[in-house]
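Below are the chains, spelled out letter by letter.
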Amino acid sequence: MKWAKPIIVKLLEVLLEKLNVKQIDEPMKSVVMGTLIVNLIHYPVCPNPELTAGAGRHADVSSITMLLQDDVGGLYVREPKGDGWIHVPPVKGALVINIGDVLQIMSNDRYKSVEHRVIVNASRNRVSVPIFVNPAPDAVFGPLTQVLENGEKPLYKHVVYSDYFNYFFSKGHEGKQTIEFAKL
Ligand SMILES: O=C(O)CCC(=O)C(=O)O
Ligand SMILES: [Fe+2]
């Protein structure tokens, strides 16, 4: 986490600057990076990948997710337009950065969280290490005043992060459905 944190801060600074947030102060920090969670995921080899849920289609409930994947592959993101899936090929030394629902909501849809899924491999085990950059559980987030200052209509209400998180885990993965929880 020591090496990851400065990269996370830099990425968030750049993304938030485009939303007119000049500096990430303590309250903003608690919203965009109040909780950092590292997962170590093992996808066992499976002779019939099409019969197995590696990771069902979902969008992350993070502000951003930073993912290190090994060289097996199997991560797919939804095509921006259409129903297809695009493989995210492993690139040695590269990290995959996902936008999560929290940034989509805060940006009032300027940024879009990416729907993704994982298909397991028929001949090799796969390991991935995502870092979820989440709000603190008690942080309240919604469309930023900086984004709405020109009279733009908010598309989302303000929600407590733990409510959003619990809603996500209360049901199966169903693509980008979770964000409906915060829709106005
Ligand atoms: O294993 C991966 O590549 C992605 C995992 C994932 O999407 C998740 O844990 O939210
Ligand atoms: Fe994910």
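All of the points below concern the structure found in this document. Every value quoted in this text rests on a predicted model; they were computed, and no experiment measured them. (Residues numbered from 1 in each chain as written. Chains lettered and ligands numbered in written order. Predicted model: local features only at pLDDT ≥ 70, side-chain atom pairs only at ≥ 80, totals over all residues. Heavy atoms only, no water.)

What to know about the coordination of the iron ion (ligand 2)
Distances from the iron ion (ligand 2) to its protein donors, His58 (NE2), Asp60 (OD) and His116 (NE2), fall within 2.1 Å. Between the donor residues of the iron ion (ligand 2), the gaps in sequence give the motif H-x1-D-x55-H. Highlighted residues: His58 in strand S3 (residues 55–58) and His116 in strand S8 (residues 116–118), separated in sequence by 58 residues. Summarising the burial analysis for this pair, His58 and His116 share the class buried. (Donors = N, O, S within 2.8 Å, 3.2 Å for Na, K, Ca; no water. Helix = DSSP H or I, 4+ residues; strand = E, 2+ residues; numbered from the N terminus. Buried < 20%, exposed > 50% of the residue type's maximum accessible area, 1.4 Å probe, protein only.)

Topic: the packing of helix H1 (residues 4–17) against helix H2 (residues 26–33)
Geometrically, a packed helix pair is captured by the angle between its two axes and the distance between the axes. Close contact between H1 and H2 brings their axes to 12 Å; oriented N to C, the two are set at 105°. Here H1 is positioned roughly perpendicular relative to H2, judged by the angle of their axes. Side by side, H1 and H2 meet where Lys5, Ile8, Val9, Leu12 and Leu16 of the first sit next to Met28, Val32 and Met33 of the second. For the contact of H1 with H2, the class distribution of residues is 7 nonpolar, no polar and 1 charged. (Axes fitted to C-alpha atoms, helices over the stretch in contact; angles between N-to-C directions. Parallel < 35°, antiparallel > 145°, perpendicular 65-115°, else oblique. Contact = heavy atoms within 4.5 Å. Nonpolar A, V, L, I, M, F, W, Y, C, P; charged D, E, K, R; others polar.)

Digging into the environment of Leu19
Assignment of secondary structure puts Leu19 in the loop between H1 and H2. A relative accessible area of 3% means that Leu19 is categorised as buried. With 95 residues separating them along the chain, Leu19 and Val114 place their C-alpha atoms 19 Å apart. The residues touching Leu19, leaving out its near neighbours within four places in the chain, are Ser107, Arg110, Tyr111, Leu144, Gln146 and Val147.

Regarding H2
For an α-helix the count is 3.6 residues per turn, leaving residues at separations of three or four pointing the same way. Among all positions of H2, only Met28, Val31, Val32 and Met33 are buried. Mapping the buried residues of H2 onto a view down its axis gives an arc of 155°, with all of them on the same face. Summarising the geometry of H2, the exposed residues directed more than 90 degrees from the buried face are Glu26 and Pro27. Lining the buried residues of H2 we find H1, strand S1 (35–38), helix H3 (101–106), strand S9 (126–134) and strand S10 (140–141). The residue sitting at the N-terminus of H2 and contributing the capping side-chain oxygen is Asp25; that oxygen lies 3.1 Å from the backbone nitrogen of Met28. (Arc of directions from axis to C-beta. Polar contact = N/O pair within 3.5 Å; in protein donor to acceptor, adjacent residues only side chain to side chain.)

Things to note about the environment of Leu67
Looking at the secondary structure, you find Leu67 in strand S4 (residues 64–69). The buried category is assigned to Leu67, whose relative accessible area is 11%. Placed 54 residues apart in sequence, Leu67 and Glu13 show a C-alpha to C-alpha distance of 19 Å. For Leu67, the contacting residues outside a window of four places in its chain are Leu75, Ala94, Leu95, Val96, Ser128, Val129 and Pro130.

Overview of helix H5 (residues 161–169)
Of the residues making up H5, those classed as buried are Tyr161, Tyr164 and Phe168. In a view along the axis of H5, the buried residues occupy a sector of 65°, so they form one face of it. Those residues of H5 that are buried are in contact with S3, H3, S9, S10 and strand S11 (159–160).

Quick notes on the site of ligand 1
Taken together, Ile41, Tyr43, His58, Asp60, Leu67, Leu75, His116, Val118, Arg126, Ser128 and Phe132 make up the full set of residues adjacent to ligand 1. In the environment of ligand 1, an oxygen atom lies 3.1 Å from a nitrogen or oxygen atom belonging to the side chain of Asp60. Between ligand 1 and Ser128 there is a distance of 2.7 Å, counted from an oxygen atom to a side-chain nitrogen or oxygen. For ligand 1, the protein covers 90% of the area, taking 300 Å² as the surface of the free molecule. Secondary structure elements with two or more residues in the shell around ligand 1: strand S2 (41–43), S8 and S9. (Near = heavy atom within 4 Å. Areas by Shrake-Rupley, 256 points an atom, 1.4 Å probe, with all protein chains shown as cover.)

Describing unusual backbone geometry
Phi at Asn108 is positive, roughly 55°, even though this residue is not glycine. By the secondary structure assignment, Asn108 is in the loop between H3 and S8. One non-glycine residue, Asp109, lies in the positive phi region at around 80°. Here Asp109 shows up in the loop between H3 and S8.

By themselves, these figures tell us nothing about what the structure is for.
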